[in-house]
Amino acid sequence: MAFDCAASVDVGSINPKVHKCKYAVRGESETYPQILEQQLQANPGSLPFDEVIYCSIGNPQALGQQPITFFREVLALCDHPSLLEKSETRNSFSSDSISRAQKILSYFPGKATGAYSHSQGVKGLRDAIAAGIEARDGFPASADDIFLTDGATPGVHCMMQLLIRSETDGILCPIPQYPLYSASITLHGGTLVPYYLDEATGWGLEISELKKQLEDARSKGISVKALVVINPGNPTGQILTEDNQQQIVEFCKKEGLVLLADEVYQENIYIDYKKFNSFKKIVRSTGYGKEDFPLVSYHSISKGYYGECGKRGGYMEVTGFSSSVREQIYKIASVNLCSNISGQILASLIMNTPKPGDASYESFAAERDGILKSLARRAKAMENAFNNLEGVTCNTAEASMFLFPKIHLPKKAIEAAIAAKKEPDAFYTLRLLESTGIVVVPGSGFGQVPGTYHFRCSILPQEDKIPAIISRLAAFHKLFMSQYRD
Ligand SMILES: Cc1ncc(COP(=O)(O)O)c(CN[C@@H]2CONC2=O)c1O
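The rules we used
Throughout, a residue's number is its position along its own chain's written sequence, starting from 1. Predicted model: local features are reported for residues with pLDDT of at least 70 only, side-chain atom pairs are reported and counted for 80 or more only, and whole-chain, interface and lining totals are derived from all residues. No hydrogens and no water enter the side-chain calculation; it runs on all heavy atoms of the structure. In these notes, a set of buried Ala, Val, Leu, Ile, Met, Phe, Trp, Tyr and Cys residues joined through side-chain atoms within 4.5 Å is what counts as a nonpolar core. Remark: exposure states derive from per-residue accessible area (1.4 Å probe, protein chains only) relative to the maximum for the residue type, with buried under 20%, exposed over 50%, and partly exposed in between. Contacts are assigned to residue pairs that have any heavy atoms within 4.5 Å of one another. One speaks of a salt bridge when a side-chain nitrogen belonging to Lys or Arg is within 4 Å of a carboxyl oxygen belonging to Asp or Glu. Counting from the N terminus, the helices are the DSSP runs of H or I reaching at least four residues and the strands are the DSSP runs of E reaching at least two. Strands were regarded as paired on the criterion that DSSP finds at least two bridges between them. To obtain an axis, a line is fitted to C-alpha atoms, over the contacting stretch when the element is a helix, and the angle between two such axes runs from 0 to 180 degrees between their N-to-C directions. UniProt positions are given in the numbering used here, feature names are shortened, and annotations may be inferred rather than shown by experiment. Here the term patch refers to residues with relative accessible area over 30% and no salt bridge, with like charges joined within 9 Å and nonpolar side chains (Val, Leu, Ile, Met, Phe, Trp, Tyr) within 5 Å. Residue exposure ignores everything except the shown protein chains as possible cover, and the areas themselves are Shrake-Rupley values with a 1.4 Å probe. Think of it this way: one heavy atom of a residue within 4 Å of a molecule or strand is enough to make that residue near it. Polar contacts, as counted here, are pairs of nitrogen or oxygen atoms within 3.5 Å of one another; within protein the pair requires one atom able to donate a hydrogen and one able to accept it, and residues that are adjacent in sequence qualify only if both atoms are side-chain atoms. Residue classes follow a fixed rule: Ala, Val, Leu, Ile, Met, Phe, Trp, Tyr, Cys and Pro count as nonpolar, while Asp, Glu, Lys and Arg count as charged, and any other residue, Gly among them, counts as polar.

Asks: Report on the nonpolar core, specifying residues and quantitative values.
Replies: The biggest cluster of nonpolar side chains holds 136 residues, and the ones touching the most others in it are Phe71, Leu227, Ile248, Leu259, Leu260 and Phe386. Ignoring any residue separated from it by four or fewer positions in sequence, one finds leucine 227 in contact with Leu172, Tyr195, Leu210, Ile248, Phe251, Cys252, Leu257, Val258, Leu259 and Leu260. Counting eight residues, the second-largest nonpolar core is a separate cluster that includes Leu40, Leu47, Leu433 and Val439.

Asks: Break down the pattern of salt bridges for me, with residues and values.
Replies: Inspection of the entire model under this criterion finds 20 salt bridges. A salt bridge links aspartate 137 to arginine 136, with the nearest nitrogen and oxygen atoms 2.7 Å apart. Overall, the relative accessible area of 26% leaves arginine 136 in the partly exposed class. The partner of arginine 485 in a salt bridge is glutamate 390, with the nearest N and O atoms 2.7 Å apart. One end of the pair, arginine 485, is in the segment after helix H18 (466-484); the other, glutamate 390, is in the loop between helix H15 (361-387) and strand E9 (392-393), with 95 residues separating them in the sequence. Residue arginine 485 is classed as partly exposed on the basis of its relative accessible area, which comes to 40%. Connected via shared salt-bridge partners are Arg165, Asp169 and Lys225.

Asks: Break down the sheet that holds strand E6 (residues 258-262) for me, with residues and values.
Replies: The strand order E2-E8-E7-E6-E5-E3-E4 describes an open sheet built from seven strands, whose pairing is mixed. The open sheet has two edge strands with one neighbour each: strand E2 (146-149) and strand E4 (191-196). Each strand of the sheet is rotated relative to its neighbour by a mean of 20°, with strand direction disregarded. Sheet analysis places E6 next to strand E7 (residues 295-300), joined by four bridges and oriented parallel. Across the sheet, leucine 260 pairs through a bridge with valine 296, a residue of E7. Of the strands in this sheet, E2 and strand E8 (314-319) are in contact with helix H13 (residues 323-335), which crosses E2 at around 20°.

Asks: Mind laying out the UniProt feature "domain: Aminotransferase class I/classII large" (unreviewed entry) in the chain, listing which residues take part and the relevant values?
Replies: Mapped onto this numbering, the UniProt entry annotates "domain: Aminotransferase class I/classII large" (unreviewed entry) at residues 112-464. Between the C-alpha atoms that bound residues 112-464 there is a distance of 43 Å. The span itself is 40% helix and 16% strand.

Asks: So, a nonpolar patch on the surface: which residues are in play, and what are the values?
Replies: A contiguous nonpolar surface patch, about 310 Å² in accessible area, is contributed by Val11, Ile14, Val18 and Leu187. Looking at where valine 18 falls in the secondary structure, it is placed in helix H2 (residues 16-20). A relative accessible area of 43% means that valine 18 is categorised as partly exposed.

Asks: How would you summarise the site of the ligand if you had to cite specific residues and measurements?
Replies: Contacts to the ligand come from 17 residues, most closely from Thr153, Asp262, Ser300, Ser302 and Arg456. Between the ligand and alanine 152, the relevant distance is 2.7 Å, taken from an oxygen atom to a main-chain nitrogen or oxygen of the residue. Between the ligand and arginine 312 there is a distance of 2.7 Å, counted from an oxygen atom to a side-chain nitrogen or oxygen. The protein chains hide 95% of the 500 Å² of surface that the ligand would expose on its own. Of the residues that constitute the shell around the ligand, the class distribution is seven nonpolar, six polar and four charged.

Below you can see the structure in the form of structure tokens.
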């Protein structure tokens, strides 16, 4: 029987989980600004601004951040090994980039970086990452526990695919959360069990809140499988204290939960009164051995001072699962054959950077420190600017790449938003975009305490653009508030 192709794929006949899935970071916040950009290109001067500034996504190199020279030199040499045979290469590449590329290529049979690799990633690169984890934490790490992935994203999907059997399986997620988690849980047919971070205590994660939400979910017949912790936080930018991390580890152990530790912002630290501790380090220092505690730690080349988002690299370190479960995780990875080799190489480089005395060390350290110090200055400048706006409070961005200010919207603005069939914070961010060209993501895209309104703004525009962004945003906010003040 011939099917009418058009009818067989109409939107009513696609997977309802896809329908239900939401991902605000690339929703209207991305598509509508692109339309305005096209309008500006077609009709310069037709809008009250001359460029669209994307403060909506953590995409540093799209906003002018330069890649790290050492990483790119090694990558270029690995991608075109015949350069290593040419004498002139020594004039344009540092000696340690050349030796690192030679070492990496030795992991590839026939120096073939165009071939599929092992489904967990090239063994030699995983050895290098394991060595980097050991050096960071002071506890053993094994290449066999490392799964190289095309960014952290597929690693998150993998664990949701493994853990979720049906909608009666739940995953505890922070609110506000990075919406990859809600989207992946929805796509895999599970239930998101929210736990609210406490804005009043700098987005603190209270164990009592975890317990309350866990018990509430269980009372509804939900089998809670895992706890997601994003540390440093996105969109909230907080760093957990070591004590809090220890409490979280004990909570997971007591309640039999897998701990999914999203640590992609571990190198985006802007304050000196807290430091990043990996959950791997906390679990081991609490005395739990390799078999005692199911932990998946995520890292990515998309963040840090490297911002190699488009190269799609990262890893998940999988520890504490039985060998039979481990085999199932490997099976999921094997269906994807392998992650891309450039991402694998970069993931090994971020975990094994030039050391003092290496030819590239001085220039590498200058690039790294220059980027991180500038990000810290931008975070502080924007935090202060938000806190100077009428009805706005903004917690310190201790880390990550975003600020998440709370706006006290006047009743008239909320009524106008309802009339426009928009979430109040989406109404505000849309008006901000149309008035200034500045793109931010409404807090409703990340979740927030009902009745509170936020937006997420990245700190990524180049530092010389920040004063203009602040002044344009402040001028808009003043006008908006005068228009809707109760
Ligand atoms: C907390 C967190 N985890 C995982 C990811 C996935 O990153 P990769 O797949 O690139 O490794 C992101 C990306 N950050 C998104 C992308 O840009 N803005 C964001 O909020 C993230 O913020």
